[in-house]
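Topology and contacts: notes
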Amino acid sequence: MSDNKPILGYWKIRGLAECIRYQLAYSNVSYKEEVYEQGDGPEFSRSSWMDVKFQQGLAFPNLPYFKDGDFSITESGAIHRYCARKWCPELLNLDDPEMYAKAEMLWGVVADVKGFVTMQCYIGDGCKEQLTEKVIPKLELLAKAAHENQYIADNKLCCADFAFVELVELVDFISNGKVFEIYPALKDYRDRIFELPTLKEYLTKRADLPFNNKVAKINNVDKANI
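Calculation notes
- Residues numbered from 1 in each chain as written.
- Predicted model: local features only at pLDDT ≥ 70, side-chain atom pairs only at ≥ 80, totals over all residues.
- Heavy atoms only, no water.
- Helix = DSSP H or I, 4+ residues; strand = E, 2+ residues; numbered from the N terminus.
- Buried < 20%, exposed > 50% of the residue type's maximum accessible area, 1.4 Å probe, protein only.
- Contact = heavy atoms within 4.5 Å.
- Areas by Shrake-Rupley, 256 points an atom, 1.4 Å probe, with all protein chains shown as cover.
- Lys, Arg positive; Asp, Glu negative; His and termini not counted.
- Charge placed at Lys NZ, Arg CZ, Asp CG, Glu CD.
- UniProt positions renumbered as here; feature names shortened; annotations may be inferred.
- Polar contact = N/O pair within 3.5 Å; in protein donor to acceptor, adjacent residues only side chain to side chain.
- Core = buried A, V, L, I, M, F, W, Y, C linked by side-chain atoms within 4.5 Å.

1. Here we look at the overall build of the protein
In terms of helices and strands, the protein carries ten helices and four strands. The order of α-helices and β-strands along the protein, N terminus first, is β-α-β-α-β-β-α-α-α-α-α-α-α-α. Across its three principal directions, the C-alpha atoms of the protein cover 45 × 45 × 30 Å. Counting over 226 residues, the protein shows a buried share of 51%. Across the protein, every contact between residues at least 6 apart in sequence was considered, and the portion connecting residues at least 24 apart equals 66%. A total accessible area of about 11400 Å² is found for the protein, and carbon and sulfur atoms account for 52% of it. Averaging the positions of the 28 positive and the 34 negative side-chain charges in the protein gives two centres separated by 2 Å.

2. What to know about the UniProt feature "domain: GST C-terminal" (unreviewed entry) in the protein
Per the UniProt record, "domain: GST C-terminal" (unreviewed entry) is annotated on residues 96-211. Overall, residues 96-211 shows 74% helix and 0% strand. The separation of its end C-alpha atoms is 34 Å.

3. Side note on the side chain of Asn212
Here Asn212 lies in the segment after helix H10 (197-205). Separated by 2.8 Å, the side chain of Asn212 and the backbone oxygen of Ile218 make a polar contact.

4. Some thoughts on the nonpolar core
The biggest cluster of nonpolar side chains holds 72 residues, and the ones touching the most others in it are Leu139, Ile152, Phe164 and Leu186. If you tally residues by element for this core, the top one is helix H7 (residues 159-175), at twelve residues. Once residues within four sequence positions are removed from consideration, Phe164 is found in contact with Val110, Leu142, Ala146, Ile152, Leu186 and Tyr189.

What follows is the structure, encoded as structure tokens:
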């Protein structure tokens, strides 16, 4: 029954949740969402979340969160791993210690770059061209990995791929496609991931959400194209 579906809670943006949505789609997991919307400026109130933050039964209240029956968890990496272990364990490569470690390493690298790019979207001057110049060099080694392998860590899909392909999407948006001119392997990689059948289906019907929240200087809900 639909009431038994797990729940993903997050802001009304792509942010840290889109890569979780990718993984759930790939794993054929049906779920519901609890969506929080930041208020308009100049206050940019977060009360939609803050007013209920400590009423969710979460041990460490935060967004995103994931509720599966009586179990609930926060922190995006933990959510990815939990969902993989339960519904698609091959994404963790637990039977191959070297592959597992390599995937975890690359996931850390992707998270660092994603954190940098996202932060600049919020605290920077809103200039996409200047941010592009800062970001492009940070993708050099990741582009090399995408060129040498079918997926980010090797020739087996892993959780890190869902995080990486969303990073590629974000940088493509910021750079107006320049990232693909410099690193064509990243476009090939993005296209490979998005051709996975269940992901391809998800992409045809997903909500048109901005990458960032309303307070961001780049690609917030009021600046859909900047």
